Amino acid sequence: MDTLTVNEQPHEAPRPQRNLLSYLRFDLGLTGAKYGCGEGLCGACTILVDGQPLRACMTTVGAVAGGRLTTIEGLASDGALHPVQQAFVAEQAMQCGYCIPGFIMGTVGLLNREQHPSREQIREALAEHMCRCGTYVRIERAVQRVASEAAR
Ligand code: FES
Ligand code: FES
């Protein structure tokens, strides 16, 4: 039987072929990762596996067996929002909010790879995330804010 660590909690995953996004949302009740396109194109379902972004809609549970998974629910610690979450709040980057967990997880993954990303690196990392409300300018400002705070 496969074992997954999700937000530091071990889970036995009974069906390797189960879609990962469905498993997280319906079996574990972690509804932060969203279903958007279901085809890997919008980024709404993005989570981290071993610190790097992954589209959960396109993945099976078996494919990430043994991995360390983080969903948006696992970012805050000791009652405090993660710095990326704080920056999104500070820049009022959310409108409806549907896309935002994916953007935040994509940003955390970027900062795990590159502590001080350039504007081009930010745009490249988030290029395949879509926001139907069109808050891209504020989202970019939020990512730049957290990147510049990390540089201090
Ligand atoms: S729902 Fe997974 S990329 Fe759109
Ligand atoms: S804030 Fe509504 S889809 Fe992005």
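Please read these numbers as outputs of a predicted model, since none were measured by experiment. (Residues numbered from 1 in each chain as written. Chains lettered and ligands numbered in written order. Predicted model: local features only at pLDDT ≥ 70, side-chain atom pairs only at ≥ 80, totals over all residues. Heavy atoms only, no water.)

Draft legend 1. Geometry of the side chain of T135. Turning to its location among the elements, T135 is positioned in the loop between helix 4 (119–126) and helix 5 (136–151). When near neighbours in sequence (up to four residues on either side) are disregarded, T135 contacts A93 and Q95. (Helix = DSSP H or I, 4+ residues; strand = E, 2+ residues; numbered from the N terminus. Contact = heavy atoms within 4.5 Å.)

Draft legend 2. Just the layout of surface pockets, in detail. Size it by volume and the largest pocket reaches roughly 160 Å³. Looking at the largest pocket, the residues that line it are Y35, G36, C37, C42, A44, C96, Y98, C99, M130, C131, R132 and C133. Looking at the lining of the largest pocket residue by residue, the class counts come to 10 nonpolar, one polar and one charged. (1 Å grid on protein atoms, 1.4 Å probe; cavity = no way out; pocket = protein on both sides within 12 Å on 5 of 7 lines; lining within 4 Å. Points joined across faces, edges and corners; volume = space filled by probe spheres on them. Nonpolar A, V, L, I, M, F, W, Y, C, P; charged D, E, K, R; others polar.)

Draft legend 3. Spatial organisation of the sheet that holds strand 5 (residues 68–70). Taken in spatial order, the five strands line up as 2-1-5-3-4 in an open sheet, and their pairing is mixed. Only two strands of the sheet have a single partner each, and these edge strands are strand 2 (9–13) and strand 4 (52–55). Ignoring which end each strand starts from, the neighbouring axes of this sheet average 40 degrees apart. Across the face of the sheet, helix 1 (residues 20–27) comes into contact with strand 1 (2–6), strand 2, strand 3 (46–49), strand 4 and strand 5 while running at roughly 115 degrees to strand 2. (Pairing = 2+ DSSP bridges. Axes fitted to C-alpha atoms, helices over the stretch in contact; angles between N-to-C directions.)

Draft legend 4. Structural detail: the environment of R68. Locating R68 in the fold gives a position in strand 5. Classification of R68 as partly exposed rests on a relative accessible area of 40%. Separated by 59 residues in the primary sequence, R68 and Q9 place their C-alpha atoms 9.3 Å from one another. Not counting residues within four places of it along the chain, the set of residues in contact with R68 comprises T5, L48, V49, D50 and G51. (Buried < 20%, exposed > 50% of the residue type's maximum accessible area, 1.4 Å probe, protein only.)

Draft legend 5. Representation of the environment of Q92. Following the sequence through the fold, Q92 ends up in the loop between helix 2 (83–90) and helix 3 (100–113). Between the alpha carbons of Q92 and Y23 there is a distance of 31 Å; along the sequence they are 69 residues apart.

Draft legend 6. The arrangement of the pairing of strand 2 in detail. Two elements, strand 1 and strand 2, share five bridges in a ladder whose sense is antiparallel. When the bridges of strand 2 are listed, D2 appears paired with A13. In this structure, the hairpin formed by strand 1 and strand 2 is closed by a connection of two residues, where N7 is found at a positive phi of approximately 50 degrees.

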